[in-house]
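Observations on the three-dimensional arrangement
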Protein chains: 2
Amino acid sequence: MNDAKRENLTNKIIIEFSKTLEMFNLNQLEARLFAYLYLSEKPLTLDEMSEALGKSKTSMSTGIRSLSDVNLVTRVWKKGIRKDLYQANSQLFKSFMNWYINKWIEAANHQKDSLLEIDKEIRHEQDNEDASENLANLEKQLKAIIQFHNEVEILFRDIKQE
Amino acid sequence: MNDAKRENLTNKIIIEFSKTLEMFNLNQLEARLFAYLYLSEKPLTLDEMSEALGKSKTSMSTGIRSLSDVNLVTRVWKKGIRKDLYQANSQLFKSFMNWYINKWIEAANHQKDSLLEIDKEIRHEQDNEDASENLANLEKQLKAIIQFHNEVEILFRDIKQE
DNA sequence: AAATTTGTACAGTTTAAACTGTATGTAAAT
DNA sequence: ATTTACATACAGTTTAAACTGTACAAATTT
């Protein structure tokens with residue numbers, strides 16, 4: 001009956017930890033997966049995770065792949081073991097912040113570029129204009145939105161250096 | 001045919017801007033709603049938004065309510081107009097960052113408290129232990145998770161002051 | 001080489017989120 | 001006081017996300 005106690009405590013931790021992880025835009029499965037993996041002392045196989053979380057192996061496969069893609073989880077080799085083993089990256093703060101901040105910078109930058117393209121289009125439109133219409137206001141708002149993207153990008157770049 | 005041109009440009013902006021807004025955990029409707037509202041020069045009614053975004057008035061109502069709840073959108077009064085009028089808060093960076101950072105701080109803090117409760121439970125468990133089991137490792141990991149929450153909270157508090 | 005074990009692609013199902021139309025209570029207008 | 005116009009609660013529907021089981025290719029074991 002002691003294993004049950006331990007499992008109960010583990011579950012409670014997973015539930016709370018997951019809530020935070022979901023704020024990083026992990027979906028529920030990914031969050032639980034990471035949390036469980038982190039709490040485990042040793043690397044785990046897809047089958048073990050499937051068993052523990054009560055979800056299909058396919059789900060584990062896709063979930064682990066997502067987490068690996070963003071470097072939150074690492075595949076690990078152990079001689080004599082055929083199955084893939086995975087473990088959570090142990091540097092919680094560093095791993096998550098690094099990934100998240102970069103995601104923000106990249107997104108802000110990319111969308112800013114797209115918006116600058118649109119701005120170009122507007123200005124071009126304003127040139128050969130029949131003067132019947134006024135795009136000036138739209139462009140003014142657009143400029144503010146671009147500036148917003150700039151500020152977001154700068155903020156996260158600053159955080160990156162801290 | 002000039003209105004069509006303008007609408008086309010507006011749509012392009014909305015699409016790009018929305019992507020950024022969704023990174024703040026707005027859902028698609030909320031993002032588009034805010035973007036459209038921001039681009040509009042004047043406050044809009046639910047019916048106007050419904051018409052413009054091609055979604056039901058009920059959707060507008062719930063979407064606007066969400067945005068109002070977090071202070072991204074404000075209700076506005078104009079004499080002689082019976083319908084509710086809404087406008088986007090014009091201080092993009094300030095509004096979004098303020099809201100988002102507070103959300104993070106609150107969440108990190110709250111989950112940290114829950115985790116501390118669990119830690120208490122574990123320590124209590126360890127006392128009247130039949131020694132048959134070892135929760136030490138679990139507690140070690142839990143401590144690290146709590147520390148993670150601490151660091152997240154501190155980071156966002158720092159950002160808040162900049 | 002044959003047989004077994006593994007991860008994952010894919011089609012189909014289940015579950016949850018998003019959305020709509022009707023109904024209702026409230027406030028303004030007549 | 002009656003009528004009209006409005007926002008939203010709610011039940012039901014549609015759409016999208018999450019999940020599963022089967023099948024298959026790659027790798028290992030026999």
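Residues numbered from 1 in each chain as written. Chains lettered and ligands numbered in written order. Predicted model: local features only at pLDDT ≥ 70, side-chain atom pairs only at ≥ 80, totals over all residues.

Let's talk about the overall build of chain A
- Counting its regular elements, chain A contains six helices and two strands.
- Taken from the N to the C terminus, the helices and strands of chain A come in the order α-α-α-α-β-β-α-α.
- Here the C-alpha radius of gyration of chain A, 23 Å, is well above what a compact globule of 162 residues would show, namely 15 Å.
- Its C-alpha atoms put chain A at 80 × 30 × 30 Å along the principal axes.
- Counting the 162 residues in chain A, one finds 30% classified as buried.
- For chain A, the share of sequence-separated contacts (at least 6 apart) that also reach a separation of at least 24 residues comes to 50%. (Helix = DSSP H or I, 4+ residues; strand = E, 2+ residues; numbered from the N terminus. Rg over C-alpha atoms; globule rule 2.2 N^0.38 Å. Buried ≥ 20, exposed ≤ 12 C-beta atoms within 10 Å, placed from the backbone. Contact = placed C-beta atoms within 7 Å.)

Section: the relation of the copies chain A and chain B
- In screw terms, the move from chain A to chain B is a rotation of 180° and a rise of 0.0 Å along the axis, fitting with an RMSD of 0.0 Å. Taken together, the rotation and translation describe the operation of a two-fold axis.
- The overlap is high: 100% of the interface residues of chain A also sit at the interface in chain B, so the same surface is used on both sides. (Least-squares fit on C-alpha atoms with pLDDT ≥ 70 in both.)

Some words on the interface of chain A and chain B
- Contacts between chain A and chain B engage 40 residues on the former and 40 residues on the latter.
- At 12 residues, the largest contribution of residues to the side of chain A that touches chain B is made by helix α5 (residues 92-127) of chain A.

Thoughts on the UniProt feature "domain: Transcription regulator TrmB N-terminal" (unreviewed entry) in chain A
- UniProt's entry tags residues 21-87 of chain A with the feature "domain: Transcription regulator TrmB N-terminal" (unreviewed entry), counted in the numbering of this structure.
- With 52% helix and 10% strand, residues 21-87 of chain A has end C-alpha atoms that lie 16 Å from one another. (UniProt positions renumbered as here; feature names shortened; annotations may be inferred.)

Digging into the protein's contact with DNA strand C
- Surrounding DNA strand C, one finds 17 residues, the nearest of these being A:Asp84, B:Leu29, B:Lys55, B:Ser56 and B:Thr58.
- Looking at the surface near DNA strand C, the elements with two or more residues in it are α4 (57-69) of chain A together with α2 (28-39) and α4 (57-69) of chain B.
- Among the elements that line the surface near DNA strand C, the one with the most residues is α4(A), at four residues.
- Across the surface near DNA strand C, the residue classes tally to two nonpolar, eight polar and seven charged. (Near = placed C-beta within 6 Å. Nonpolar A, V, L, I, M, F, W, Y, C, P; charged D, E, K, R; others polar.)

Focus: the environment of A:His149
- Turning to its location among the elements, A:His149 is positioned in helix α6 (residues 136-161).
- In this structure A:His149 touches A:Ala108, A:Gln111, A:Lys112, A:Leu115 and B:Thr20, once residues within four positions along its chain are discounted.

Brief notes about the protein's contact with DNA strand D
- In the vicinity of DNA strand D, 18 residues are found, and the nearest of them are A:Leu29, A:Lys55, A:Ser56, A:Thr58 and B:Asp84.
- If one sorts the elements of the surface near DNA strand D by residue count, α4(B) sits on top with four residues.
- In the surface near DNA strand D, the residues fall into two nonpolar, eight polar and eight charged.

Quick look at the domain arrangement of chain A
Residue and element names in this part refer to chain A.
- Domain annotation of chain A identifies domain 1 (2-90) and domain 2 (93-161).
- Summarising the inter-unit geometry, the C-alpha centres of domain 1 and domain 2 are found 37 Å apart.
- Across the boundary between the two partners, domain 1 contributes five residues, which contact four residues of domain 2.
- Split into classes, the residues belonging to the side of domain 1 that touches domain 2 amount to three nonpolar, two polar and no charged. (Domains from an automatic or database assignment.)

Notes on the environment of B:Trp99
Residue and element names in this part refer to chain B.
- Tracing the chain through its elements places tryptophan 99 in helix α5 (residues 92-127).
- Given 16 C-beta atoms within a 10 Å radius, tryptophan 99 is considered partly exposed.
- Taking the C-alpha atoms as reference points, tryptophan 99 and lysine 79, 20 residues apart in sequence, are found 30 Å from one another.
- Apart from the residues lying within four places of it in its own chain, the contact partners of tryptophan 99 are Val70, Asn71 and Leu72.

Some thoughts on the pairing of strand β2 (residues 85-88) of chain A
Residues and elements named next belong to chain A.
- Because side chains alternate across β2, one face comprises the buried residues Tyr86 and Ala88, and the other comprises Leu85 and Gln87, none of which is buried.
- In this sheet, β2 lies alongside strand β1 (residues 73-76) in antiparallel orientation, the contact comprising four bridges. What sits directly across from threonine 74, in β2, is glutamine 87. (Pairing = 2+ DSSP bridges.)

Points about α6(A)
- Here α6(A) contains 26 residues, and its C-alpha end-to-end distance of 38 Å stays within 8% of the 38 Å for a straight helix at 1.5 Å per residue.
- All of the buried residues in α6(A) are A:Leu138, A:Leu142, A:Ile145, A:Ile146, A:Phe148, A:His149, A:Val152 and A:Phe156.
- In the core, the buried residues of α6(A) are packed alongside α5 of chain A together with α1 (2-22), α2 and α5 of chain B. (Expected span 1.5 Å × (residues − 1).)

Quick look at α1(B)
- Helix length check: α1(B) (21 residues) gives 30 Å between terminal C-alpha atoms against 30 Å at 1.5 Å per residue, within 8%.
- Those residues of α1(B) that fall on the buried side of the exposure criterion are B:Leu9, B:Thr10, B:Ile13, B:Ile14, B:Glu16, B:Phe17, B:Ser18, B:Thr20 and B:Leu21.
- In this structure, the buried side of α1(B) is in contact with α5 and α6 of chain A together with α2 of chain B.

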